[in-house]
Amino acid sequence: VSGQEITFEPDDRYNAFLTTCSKAPHGGGKLAGFAVAVKDNISTKGIETTCASKILKGYIPPYDAHVVELLKKSGAAIVGKTNMDEFGMGTTTENSAFGPTLNPCDTGRVPGGSSGGSAAAIAAGMVRMALGTDTGGSIRCPAAFCGIVGLKPTYGRVSRYGLIAYANSLEQIGPMGRTVTDVSMLMGVIAGHDRRDSTSHNKPYTHTPKAGIKGLKIGIPQEYFGAGVDPAVATVVNKAIGRLEELGATTVPCSIPSMEYALAAYYVTCTCEASSNLARFDGVRYGPAADTKKSWHEAFRDVRRAGFGTEVRRRIMLGTYALSSGYYGKYYAKAQIARENVKKDFARIFADVDVIAGPTMPTVAFKLGEKSDPLSMYLSDILTVPVNLAGIPAISVPCGKAHGMPVGLQIMGRPGEDERVIDVAYTYEQAVS
Amino acid sequence: MREDEIEPSLPQEEVLRNAAAQEDGFIKAPRVME
């Protein structure tokens, strides 16, 4: 079945999309005719891809990302590119050069970020499923804030070929949807080996979600219910964990002491990688023109000063500083030690339990403009970044409301056990719906 | 070592399509040397 198309003309009152395709072609397959949205940092041949940055305004990729090739093969209709924090740098989608996305549950609040456009498009019913990317929580946070499901796959299960890189060692493309079944179905399409990504595993995903968690052992880390976590959020999540116990799971208290340094290790690592990755935006091969009459130094500086937003420039400067001669050992090397400790903590806990559960985010969605200083924004990533540092899979599934806003239950699994976190989330979802 | 294998790559016009400044089929860049 080729040569079909769907019409897509949504009322995008939430600014979820940066680009929409009013006629979206599709073929036959598992996702035949499903409207799927793609985050704007994933390359789509012939469709403008900006990373929500002025520095890529007008950029039309000449090729598809691996995941987009797979989507097309599955029959999905790519209906548009979703809004995000510029280059994925943010927790609210307010750092977009093209205006913030609003949370469909309360338009005075942010949808979370950085995949806020994808989450809002699903929550508002504009698309059935969407792709996001998760470097430090960017799929799980907006899933929690908008009341949908989002999976950060095990590092390496989904190819990053064609993803415009921000922090390669941390980020993964992942599925977002209204239900665990949809997320699982989309994961089945995008996972698998791709030799164009040297970190790609040969581990396709062929799973169908199964309910049933009798005898499952769940670790409950004390740090996920400690200082900084809104007690109203903790109460909702504790109730959800109680539900998992009623369904046959047992819970075990545990501790991730390395979390004390996880956030610092994360921000050093991601800014260092960003400073290197974003050096390519020089106004020469793509993006707004550099003035070729000027010297390289001046032209490069002018294009980047005009094209990058405040948060992107902040992270490039922090990363460049941390990698500079004489400081490398003090920051980057130390961050890698802290990262290793996070991995070891997870490995130790997973020797005893099957999954770890806690809140996805320490609070519900912030009000627009509420997080005005960058540090307090960074602190809100504390419960999501350990997963990226360790490369393990984690899902956020809606588990109720606090202050009238959705709360996400986060289930983290052993490396490669994406199927298990899907099953736990599915069991919970089926029991409460 | 194995033999080199030629794989598909982008045609020149597609590579140039996103470049703001071009000359004679090349991408034009600011001066690197003073």
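Source: prediction; values computed, not measured.

Engineer: Is there a simple way to explain the confidence of the model for chain B in this structure?
Structural biologist: Segments scoring low in pLDDT should not have their predicted coordinates read at a detailed level. Per-chain confidence: chain B averages 91 in pLDDT, with 97% of residues scoring 70 or above. For this predicted complex, the interface confidence score (ipTM) comes to 0.90, while the overall pTM stands at 0.97.

Engineer: Sorry if this is basic, but what is going on with the packing of helix 1 (residues 66-73) of chain A against helix 4 (residues 180-190) of chain A here?
Structural biologist: Helix-helix packing: each pair is described by the crossing angle between the helix axes and the interaxial distance. All names here are of chain A. For the pair helix 1 and helix 4, the least separation of the axes is 8 Å and the interaxial angle reads 110 degrees. Taken together, the axes of helix 1 and helix 4 are roughly perpendicular relative to one another. When helix 1 is examined against helix 4, the residues Val67, Leu70 and Leu71 are found in contact with a partner set consisting of Leu186, Val189 and Ile190. For the contact of helix 1 with helix 4, the residue count by class is six nonpolar, no polar and no charged.

Engineer: Please explain the pattern of salt bridges as it appears in this structure.
Structural biologist: Residues and elements named next belong to chain A. On inspection of all chains with the given rule, the structure shows 26 salt bridges over all chains. Arg13 is paired through a salt bridge with Asp11; the nearest N and O atoms lie 2.6 Å apart. Take Arg13: its relative accessible area is 57%, and that puts it in the exposed class. By relative accessible area, which is 48% here, Asp11 ends up partly exposed. Here Asp40 ties to Lys81 by a salt bridge, and the two come within 3.3 Å at their closest N and O atoms. In this pair, Asp40 sits in the loop between strand 4 (35-39) and helix 1 while Lys81 sits in strand 5 (residues 77-82), placing the two residues 41 residues apart along the sequence. In this pair, the class of Asp40 matches that of Lys81, namely buried.

Engineer: I tried to follow the packing of aromatic side chains on my own but got confused; where do I start?
Structural biologist: The description of an aromatic ring pair rests on the distance of the ring centres and on the angle between the ring planes. Residues and elements named next belong to chain A. The tally for this structure, following the rule as stated, stands at 16 aromatic pairs over all chains. Between Tyr63 and Tyr161, the aromatic rings sit 5.5 Å apart at their centres with planes inclined by 40 degrees, giving tilted as the arrangement. With Tyr63 in the loop between strand 4 and helix 1 and Tyr161 in the loop between strand 7 (149-152) and strand 8 (172-177), this residue pair connects regions lying 98 residues apart in the sequence. Given a relative accessible area of 24%, Tyr161 falls into the partly exposed group. When the centroid spacing of 6.3 Å and the interplanar angle of 85 degrees are considered together, the rings of Phe281 and Phe308 count as edge-to-face. One end of the pair, Phe281, is in the loop between helix 6 (259-277) and helix 7 (296-307); the other, Phe308, is in the loop between helix 7 and helix 8 (310-323), and 27 residues separate them in sequence.

Engineer: So what exactly am I meant to see when it comes to the nonpolar core here?
Structural biologist: One broad trend across soluble globular proteins is that nonpolar side chains are buried collectively. Residues and elements named next belong to chain A. One finds Ile42, Val67, Leu71, Leu131, Leu409 and Ile411 to be the most contacted residues of the largest nonpolar core, which totals 64 residues. Setting aside residues no more than four positions away along its own chain, Val67 makes contact with Ile42, Leu131, Val158, Ser159, Ile173 and Ile190. Ranked by size, the runner-up nonpolar core spans 56 residues in total, among them Phe87, Ala234, Val268 and Val353.

Engineer: It is not clear to me how the interface of chain A and chain B should be interpreted in this structure. Could you clarify?
Structural biologist: Much of the literature gives interface size as the accessible area that the parts lose upon coming together. Contacts between the two partners involve 18 residues from chain A, matched on the other side by 14 residues from chain B. By the criterion of area lost to chain B, the three top residues of chain A are Val284(A), Thr292(A) and Trp296(A), representing 40% of everything that side buries. Viewed at the interface, chain B and chain A are joined by one salt bridge. For Arg195(A), the salt bridge goes to Glu7(B), with nearest N and O atoms at 3.3 Å. Counting across the interface, chain A meets chain B through five residue pairs in polar contact (both at pLDDT 80 or more). Its residues placed into classes, the side of chain A that touches chain B shows nine nonpolar, four polar and five charged.

Engineer: So what exactly am I meant to see when it comes to helix 8 of chain A here?
Structural biologist: Along an α-helix, residues three or four apart share an orientation, since each turn contains 3.6 residues. Residue and element names in this part refer to chain A. A rise of 1.5 Å per residue sets the reference length of helix 8, with its 14 residues, at 20 Å; its end C-alpha atoms lie 20 Å apart and thus fit the reference within 8%. Among the residues of helix 8, those classed as buried are Glu311, Val312, Arg315, Ile316, Gly319 and Ala322. Relative to the axis of helix 8, the buried residues are bounded by an arc of 135 degrees and lie together on one face. Relative to its buried face, helix 8 has exposed residues pointing more than 90 degrees away, namely Thr310 and Met317. Where helix 8 is buried, its residues contact helix 6, helix 7, helix 9 (329-350) and helix 10 (374-379).

Engineer: Honestly, the packing of helix 5 (residues 231-246) of chain A against helix 12 (residues 418-432) of chain A in this entry has me stumped. Any pointers?
Structural biologist: All names here are of chain A. Interhelical geometry of helix 5 versus helix 12 gives an angle of 95 degrees and a closest axis separation of 10 Å. As judged from the angle between their axes, helix 5 and helix 12 are roughly perpendicular. Judged by residue contacts, Ala240, Arg243 and Leu244 of helix 5 engage Val424, Tyr428, Ala431 and Val432 from helix 12. Grouping the constituent residues of the contact of helix 5 with helix 12 by class yields six nonpolar, no polar and one charged.

Engineer: Before we go on, may I ask you to explain the sheet that holds strand 8 of chain A in this structure?
Structural biologist: Residues and elements named next belong to chain A. Strand order in the open sheet formed by 11 strands is 2-5-4-6-8-7-12-13-11-9-10, and the pairing between neighbours is mixed. A single partner strand is all that each edge strand has here, and the edge strands are strand 2 (17-20) and strand 10 (250-254). Within this sheet the neighbouring strands show an average axis-to-axis angle of 30 degrees, counted without direction. The pairing of strand 2 with strand 5 spans three bridges and is antiparallel. Note on strand 5: the bridge partner recorded for Thr20 is Gly80.

Engineer: Help me understand the pairing of strand 13 (residues 405-413) of chain A in this model?
Structural biologist: Side-chain positions along a regular strand alternate between the two faces of the sheet. Residues and elements named next belong to chain A. Buried residues dominate strand 13, accounting for nine of its nine residues. Sheet topology note: the strand 11 (residues 355-359)/strand 13 ladder contains five bridges and is antiparallel. Each residue of the ladder has a partner; that of Ala357, found in strand 13, is Ile411. Two elements, strand 12 (residues 394-402) and strand 13, share seven bridges in a ladder whose sense is antiparallel. The residue of strand 13 that forms the bridge with Ser396 is Gln410.

Engineer: Help me out: how do you make sense of the pairing of strand 6 (residues 129-134) of chain A in this one?
Structural biologist: All names here are of chain A. For strand 6, a buried count of six out of six residues is recorded, marking the element as mostly surrounded by other parts of the structure. Burial along strand 6 is two-sided: the face carrying Met129, Leu131 and Thr133 and the face carrying Ala130, Gly132 and Asp134 are both buried. Relative to strand 6, strand 4 runs parallel, the two sharing three bridges. The partner of Ala37 across the bridge, within strand 6, is Ala130. Of the pairings in the sheet, the one linking strand 6 to strand 8 comprises six bridges and is antiparallel in character. In the sheet register, Ala130 faces strand 8, and the bridge partner there is Met176.

How each quantity is defined
Residues numbered from 1 in each chain as written. Chains lettered and ligands numbered in written order. Predicted model: local features only at pLDDT ≥ 70, side-chain atom pairs only at ≥ 80, totals over all residues. Heavy atoms only, no water. pLDDT = per-residue confidence, 0-100. Axes fitted to C-alpha atoms, helices over the stretch in contact; angles between N-to-C directions. Helix = DSSP H or I, 4+ residues; strand = E, 2+ residues; numbered from the N terminus. Parallel < 35°, antiparallel > 145°, perpendicular 65-115°, else oblique. Contact = heavy atoms within 4.5 Å. Nonpolar A, V, L, I, M, F, W, Y, C, P; charged D, E, K, R; others polar. Salt bridge = Lys/Arg side-chain N within 4 Å of Asp/Glu carboxyl O. Buried < 20%, exposed > 50% of the residue type's maximum accessible area, 1.4 Å probe, protein only. Phe/Tyr/Trp six-rings, centres within 6.5 Å; stacked < 30°, edge-to-face > 60°. Core = buried A, V, L, I, M, F, W, Y, C linked by side-chain atoms within 4.5 Å. Buried area = accessible area lost by both parts, 1.4 Å probe. Polar contact = N/O pair within 3.5 Å; in protein donor to acceptor, adjacent residues only side chain to side chain. Expected span 1.5 Å × (residues − 1). Arc of directions from axis to C-beta. Pairing = 2+ DSSP bridges.

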